[in-house]
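# Residue-level structure breakdown
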Amino acid sequence: MRNLKLLKSLRSSELQGPGSPQCLAVRADTGSLLVASHYSITEYDPRTGQVVSEASLTAEGFLPEDGSGMVVGLQDLAELESACLGTAGGDVVLFNFNTCQLECVGSVDSGLTSMTWSPDEELVVLTTGQETIIMMTKDFEPITEVGIHQDDFGEGKFITVGWGKKETQFHGSEGKQAAQRKTQVQPAAAWDDRTPRVTWRGDGQLFAVSAVCLQTGARKVRVWNREGVLQATSEPINGLEQALCWKPSGNLIAITQRHPNKHSVVFMEKNGLLHGDFTLPFSKDQAKVKDLLWNSDSTVLAVWLEDMTAGEDEQVNTSSKFIQLWVVGNYHWYLKQSLDFSRDSQKAPVCVCWDPERPLRLHVVTRSWISVTYDWGWTTGRSPGLDATDNANVAVIDGDKILVTNFRQCVVPPPMCSFELQLTSPVNQVTFLCQPQRTNQLAALTSDGQISVYSQGGFACLVAMTAITRMNESGIYQFFHIHVVNLGLCTVCFYFRSEIEVDGVVVSMIHCSQTGTVALQLEDGRIRKLCWGESPHSSSLSDRYAVNFILPALSIRSLRERAAGKCVHLCLLLSQLASNISSFAVCNDFLLITTHSHTCRCLQLSVLSVKGLQAALASDGGQNDETLRRVERGSRIVTVVPQDTRVILQMPRGNLETVHHRSLVLAQLRKWLDSLRFRDSFECMRKLRINLNLMYDHNPKVFLENMETFITQLNSISHINLFLTELKEEDTTGTMYPRPECSPAQAQPVSGQKKVDVVCDALRSAMESMDPNKFFLSILTTHVKKSVPELEVALQKVHELRVNPPDAPGSVSAEEALKYLLFLVNVNDLYEHSLGTYDFDLVLMVAEKSQKDPKEYLPFLNMLKNLEPNYQRYTIDKHLKRYRKALHHLSKCGEEHFREALLLVKEQKLYSEALRLYPTDGALSCAYAEHLMEQQQAEQAGLLLWRCGEPAAALQAFASSSSWRNAICAAQQIPLPPDQLALLARDLAGNQKLTEQRRFSEAALLLDQYAKDCEEAILALVTGSVWEEALRLIYMHNRQDITETNLKPALLEAFSTQTAFLEAQVATFTRHRTRLAVVREQKEKARLDMLDDDGPDCPDAELYSEASSVMSGSKYSHSNSRISSRSSKNRRKAERKKLSLKEGSPMEDRALMYALGEILTTVDKMRVHSALKALVLFQFDKQAEKLQLAYDDALQTMEAAVPEVWPEGLQNSQAPLTGPNSTANSIMASFQQQQRPAASQGQHNV
């Protein structure tokens, strides 16, 4: 639904020469024009108005001096830096741009009728006066020469098996003779020049030749391949004309055909069969088509026509000339532009061609040597959309009609429309009024220079400011301010209000109704601000707010869009923000953008910054990014319905799609919710599948305060129930629909309460106060939807409704309520909950509505009715597996049911609940103790046994749990004889109990005080290196002999062990430290090499940290996902498995740091102090000095290595690792806290 908008037309009259122009070509590298006439060839630059080079064709003898010669072809050859032209006399001449010399590279005696080069400039096809085709290479070496007229169809001849022959078809009233009737082909038109026409396909593999058949006198098209072999011949077609052009990016050949009642452009396939057509807006003999021209990207077909109704005298050429631009969309051809040239033959175009580099630039040269360059751009004629009165109109130009579609009311796919506006002349441009409340009015500029203004109710009384620009004779653009005034019912007057000269070429403009200013965009990229004055002559052009864009734009709003080939740039304040924009639109406070990556962005302008826009366009969007939406490939924005959520997109094939962009939808919903328009919000959310939780999450406090308003506006039980059933605890404003950055976060109403419960309680309270009978079903829903469903309460309310049915009109019956409840809850669950109310009437009511067989539940219910009430409830609770309630009811049934209660406790492990119900029962305590023993909780079992008067069993439990103090107490309570008590003490201390747990001091206490064996007690202390306590017992029991026999040898052995251990730890620490430095150096070098490969401006440079584990993160990505559900212990174990000390492993640096931390912790935990005191006491001074020096050296070595192993940057970012107040434990604790595999920290992670 796009139109072609004329951006500029550059007219130059400096080009002059003898005769009249005959051929025109464009130099692709410089953009200058090559014009060949009867006498010369000229290179002319239309931008500067200067002749670059020129050479005479008559002086060299290539053309006769009397001007009767003719140039039949002209081509720019960029590789040779020359232009090739062919003359009717048969010469092929090269014109060198550098030397301005002419060189004849070949000649054909019979003369030439045309010369056409292939698109790749590798081959040239010449047609001669003898009706032959000569194909040559770019070096002008002949390839082949064949006749134009061939009797054979070609290599692509159709193969038929006889089906569908004309002879076998039914011909109706014409009879069988119609099958033998031969088609009579009419000869070519009288004005046909009879010369062959040649056109190449865009890839240069095929070319087509249109020539007049010698037998029939009608034109016939033949298709040849690159080797000069005939491929296909067209079928006999009446009325084919001379115009011929092959679509560059397709398989269609455009030809004109004259029918008995119309004039058409038809399309032919490469096999010679017709495929589609469109009708020109002329009668049969009104105009003749001189040529057809496709632009370089195959989007526009130019039709060059000449009016034939001016007069019969061909000597006086006063006919009008036209150039029409046609565009196809959705299989319909639109006439988008019509250039009407005057009847003056000197101003009529004689040469027309498209620019090879700019697809929408057309070059025209007139008979009087005036060159005109037209530049068009694609634009969508949409209404500005300033307020809700705007109908989102889109106007599509189609010849002398404007197809208007009102997208607010309906979506009509093109070529259909809501209504048509019929004008008297072809329309070239259409625009809408940019003024609030009047944006539905439009103005159309026709090819004859007239402006027509339309509104919904006829002509407008005042169309306010309208502006046009034109270039005066001195080359300066003038800006005209126009008023349109209604003088009567049908009379409209235009008058100029002001005129301003602009120093540049204006390519687009936009008017701001709020400020009354106009922004003009010039060809060089400048934006000029025009301020309107109140008086007719007080308007001024300001440079104060001038903005210089790098490139000119196609259209400007608050942002702009530029078409350069198929690439559109979005620019703002000299910064190119993105180069993959295919279309954009500004509506309300939003900028909508479609990109070549098939996405549609919707960004809020009020909070949008340049950096924010760049970041949004560069990102791929997150899971809940409401600004991004995927669209079909090639989609473009047609319009956005103002104050609505609809975005109209057009697909490449022409069909339309309406999407509701999430950003527009959420913005509209937020406005409605802020204004308490709950019904509009609900309908929109239900239609567009927006989670209804947003109604509460947007502003919980306001929603709860206006609960009655919400209920009143919805006024529908089903809508309220739908809202309730969608409630969930998730805050949708933090997950699915994040709040905009500019909006403040809303405080939750009550902390500690669940959202679903709060909403259900508030709704139920409001509905019960308004009309409980009307909203009874919704009240039931609030009970069922709570986080802990209150099914019993809901069932009770249904039961009350059944007992006391209301008389109010509109009330629901108990059967309807129960049926609705069964819809919400599974029938079996509801039956179980009704049974849990112990109300058999309610149970029967539910059972009757279910699909249960009465034989299933009636015997069970009858059995329950015959039981004692407490035992009845126990049976029901046990059936429902509510074992705690069952035990509670069973405890009220008396002592005769205790064994049953004890069995229930053992089966369901309800010991804690049972102890509260039976606090003094010994059997229960013994059963609980047995359960604890099975659970390896012997000490707790011993306490229970001791409590219930079973000291012997308690003693065994304490002894098995190494609770020696409780065991001694229980033994003395029994009481045990002294010898058995001593045996018990030995058993507790030895036999791998306390000594196995390295509790040597406690073992020595048992042996000394209860076993009365001081020697064993002293040996236990010596084994545990408790030197001071061992000396105390030695002197207390006067056993100095043990000092010499056991204490001193053990002390020297401990000295040797600790010294050797320290040396080994220091050696290992030094080895790991050295290896860590090497690993870090290697990985730093690898990181720098990677950055050097990407260059200094690599955008990913900051993603690589100093430490290097970045390159290894992906190795463990799958293992991380596998262990995510494991326990924390297993996760830590899995993390440690990653840390391998093997050289070259991906995480070797972290493994080394972990090992160094372990060594540091181990050395810190060594008990060197007590050993040093004992060595000094027994005069082992050398050994004490050696051990102290070894320990001091180890600590200094490790302390000095801490800044190297854990650099200062890591220490600052985490808890301090070193310092005067730090210990080895604090260093290790900090080290372990930082053990997390993050690629962003690399080898600095500890």
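Residues numbered from 1 in each chain as written. Predicted model: local features only at pLDDT ≥ 70, side-chain atom pairs only at ≥ 80, totals over all residues. Heavy atoms only, no water.

As annotated in an unreviewed UniProt entry, the protein chain is Elongator complex protein 1 from Sander lucioperca. Entered under Pathway (unreviewed entry) in the UniProt record, the comment concerning the protein chain runs "tRNA modification; 5-methoxycarbonylmethyl-2-thiouridine-tRNA biosynthesis." We quote the UniProt Sequence similarities (unreviewed entry) comment for the protein chain here in full: "Belongs to the ELP1/IKA1 family." (UniProt positions renumbered as here; feature names shortened; annotations may be inferred.)

With that settled, the discussion passes to the sheet that holds strand E50 (residues 636-640). The antiparallel open sheet is built from three strands, whose spatial order is E50-E51-E52. What marks the edges here is a single partner per strand, and that holds for E50 and strand E52 (656-660). Between one strand and the next, the sheet's axes are offset by a mean angle of 30 degrees, whatever the strand orientation. Across four bridges, the pairing between E50 and strand E51 (residues 646-650) is antiparallel. Opposite Thr639, over in E51, you have Ile648 as the bridge partner. (Pairing = 2+ DSSP bridges. Helix = DSSP H or I, 4+ residues; strand = E, 2+ residues; numbered from the N terminus. Axes fitted to C-alpha atoms, helices over the stretch in contact; angles between N-to-C directions.)

Look at helix H23 (residues 964-973) against helix H24 (residues 978-989): their axes get within 11 Å of each other, and the N-to-C directions meet at 170 degrees. In terms of orientation, H23 and H24 fall into the roughly antiparallel class. Remark: the crossing between H23 and H24 carries right-handed chirality. Of H24, the residues touching H23 (which contributes Trp964, Ala967, Ile968, Ala971 and Gln972) are Leu981, Leu984 and Leu988. Of the residues in the contact of H23 with H24, the class split is seven nonpolar, one polar and no charged. (Parallel < 35°, antiparallel > 145°, perpendicular 65-115°, else oblique. Left-handed = near helix turned anticlockwise from the far one by under 90°. Contact = heavy atoms within 4.5 Å. Nonpolar A, V, L, I, M, F, W, Y, C, P; charged D, E, K, R; others polar.)

Along the chain, Met70 turns up in the loop between strand E5 (50-56) and strand E6 (71-77). A relative accessible area of 45% places Met70 in the partly exposed class. Taking the C-alpha atoms as reference points, Met70 and Cys23, 47 residues apart in sequence, are found 9.4 Å from one another. If near-sequence neighbours (up to four positions away) are discounted, Met70 is found in contact with Gln22, Leu63, Gly86, Thr87 and Ala88. (Buried < 20%, exposed > 50% of the residue type's maximum accessible area, 1.4 Å probe, protein only.)

So, about helix H31 (residues 1148-1164). Turn by turn, an α-helix covers 3.6 residues, leaving residues three or four places apart pointing in a common direction. With 17 residues, H31 extends 24 Å from end C-alpha to end C-alpha; this agrees with the ideal 24 Å at 1.5 Å per step. Of all 17 residues making up H31, 13 are buried, and the element is well covered by its neighbours. (Expected span 1.5 Å × (residues − 1).)

For the structure shown, the criterion picks out 39 salt bridges. Put simply, Asp877 and Arg882 hold a salt bridge, and the shortest N to O gap is 2.8 Å. Through salt bridges with shared partners, one network takes in Asp192, Asp193, Arg197 and Arg219. (Salt bridge = Lys/Arg side-chain N within 4 Å of Asp/Glu carboxyl O.)

This structure, assessed with the given rule, holds 20 aromatic pairs. Seen from their ring centres, Trp117 and Phe140 are 5.8 Å apart, and the 90 degrees between their planes marks the pair as edge-to-face. Remark: Phe140 occurs in the loop between strand E12 (132-137) and strand E13 (142-147) and Trp117 occurs in strand E10 (residues 112-117); sequence separation between them is 23 residues. Residue Phe140 is classed as buried on the basis of its relative accessible area, which comes to 13%. Among the aromatic residues, those joined into a ring-pair cluster are Phe267, Phe278, Trp294, Trp326 and Trp333. Here the guanidinium or amino end of Lys336 rests over the ring plane of Tyr334, the centre of that ring lying 4.6 Å away. (Phe/Tyr/Trp six-rings, centres within 6.5 Å; stacked < 30°, edge-to-face > 60°. Lys NZ or Arg CZ within 6 Å of the ring centre and 35° of its normal.)

One recurring pattern in soluble globular proteins is that nonpolar side chains are buried together. Core analysis: the biggest nonpolar cluster contains 87 residues, and Leu988, Leu1006, Trp1027, Leu1062 and Leu1187 have the highest contact counts within it. Take this core: its biggest share by element is 10 residues, from helix H28 (residues 1041-1094). Sequence-distant contacts of Leu1006, that is, excluding residues within four places in its chain, are made with Trp964, Ile968, Ala985, Leu988, Ala989, Leu994 and Ala1011. Residues Leu692, Val758, Cys760 and Ala766 belong to the second largest nonpolar core, which totals 34 residues. (Core = buried A, V, L, I, M, F, W, Y, C linked by side-chain atoms within 4.5 Å.)

Mean pLDDT over the protein chain works out to 79, with 82% of the residues at or above the 70 mark. A low-confidence stretch, residues 544-575 (pLDDT under 50), is modelled with 106 contacts involving residues beyond four sequence positions or located in other chains. Below a pLDDT of 50 lies the segment residues 1095-1126, which in the model reaches 43 contacts outside its immediate sequence neighbourhood of four places, other chains included. (pLDDT = per-residue confidence, 0-100.)

All right, on to the packing of helix H17 (residues 883-891) against helix H18 (residues 898-908) then. In contact at an axis separation of 10 Å, H17 and H18 are set at 165 degrees when each is read in the N-to-C sense. The angle between H17 and H18 falls in the class roughly antiparallel. Where H17 crosses over H18, the two elements pack in a sense that is left-handed. Within the contact between the two elements, H17 uses Tyr883, Ala886, Leu887 and Leu890 and H18 uses Glu900, Ala901, Leu904, Val905 and Gln908. Split into classes, the residues belonging to the contact of H17 with H18 amount to seven nonpolar, one polar and one charged.

Relative to the elements of secondary structure, Asp76 occurs in strand E6. Although Asp76 lies buried, it forms no salt bridge, and the closest oppositely charged side chain, Arg27, sits 4.2 Å away as judged by the N-O distance. Those residues in contact with Asp76 that sit more than four places away from it in its chain are Val26, Arg27, Ala28, Leu34, Ser82, Ala83, Phe97 and Glu121. (Lys, Arg positive; Asp, Glu negative; His and termini not counted.)

Following Pro414, the chain continues to Pro415 via a peptide bond in cis, the omega torsion being 10 degrees. Topologically, Pro415 is positioned in the loop between strand E31 (401-406) and strand E32 (419-422). In this model, Glu121 sits at a positive phi of 60 degrees, which is unusual for a non-glycine residue. Along the chain, the position of Glu121 falls in the loop between E10 and strand E11 (123-128). The phi dihedral of Ser298 is positive, around 65 degrees, even though this residue is not glycine.

Strand E23 (residues 301-307) sits mainly inside the fold: seven of its seven residues count as buried. Burial of E23 is two-sided: the residues Leu301, Val303, Leu305 and Asp307 facing one way and the residues Ala302, Trp304 and Glu306 facing the other way are all buried. As paired strands, strand E22 (residues 287-294) and E23 are joined by seven bridges and run antiparallel to one another. Bridge pairing in E23 links Leu292 to Val303.

So, on to the sheet that holds E23. Here we have four strands laid out as an open sheet, ordered E22-E23-E24-E25, and antiparallel in their pairing. This sheet does not close on itself; its edge strands, each paired only once, are E22 and strand E25 (332-341). Averaged over all pairs of adjacent strands, the angle between strand axes in this sheet comes to 25 degrees, irrespective of strand direction. Both strand E24 (residues 321-329) and E25 contribute to a ladder of nine bridges, which runs antiparallel. If you follow Val327 over to E25, its bridge partner there is Tyr334.

Scanning the model with the defined rule gives zero disulfides in all. For Cys353, which is in no disulfide, the shortest distance to another cysteine sulfur is to Cys351 and amounts to 8.3 Å. Here Cys353 falls in the buried class, since its relative accessible area comes to 10%. (Disulfide = S-S within 2.5 Å.)

This paragraph deals with H24. Taking 1.5 Å per residue as the helical rise, H24 with its 12 residues ought to reach 16 Å, and the 16 Å between its terminal C-alpha atoms agrees with that figure. Along H24, the residues that are buried comprise Leu981, Ala982, Leu984, Ala985, Leu988 and Ala989. Buried residues of H24, seen end-on, are gathered within an arc of 160 degrees and therefore sit on one face of the element. The exposed set on the far side of H24, more than 90 degrees from its buried face, consists of Asp979 and Leu983. Packing partners of the buried residues in H24 comprise helix H22 (951-960), H23 and helix H25 (1000-1009). (Arc of directions from axis to C-beta.)

When you line up the elements, Ser37 lands in strand E3 (residues 33-37). The exposure class of Ser37 is buried, given its relative accessible area of 0%. For Ser37, the residues in contact, after removing those within four places along its chain, are Pro18, Ser20, Pro21, Gln22, Leu57, Leu63, Val71 and Trp369.

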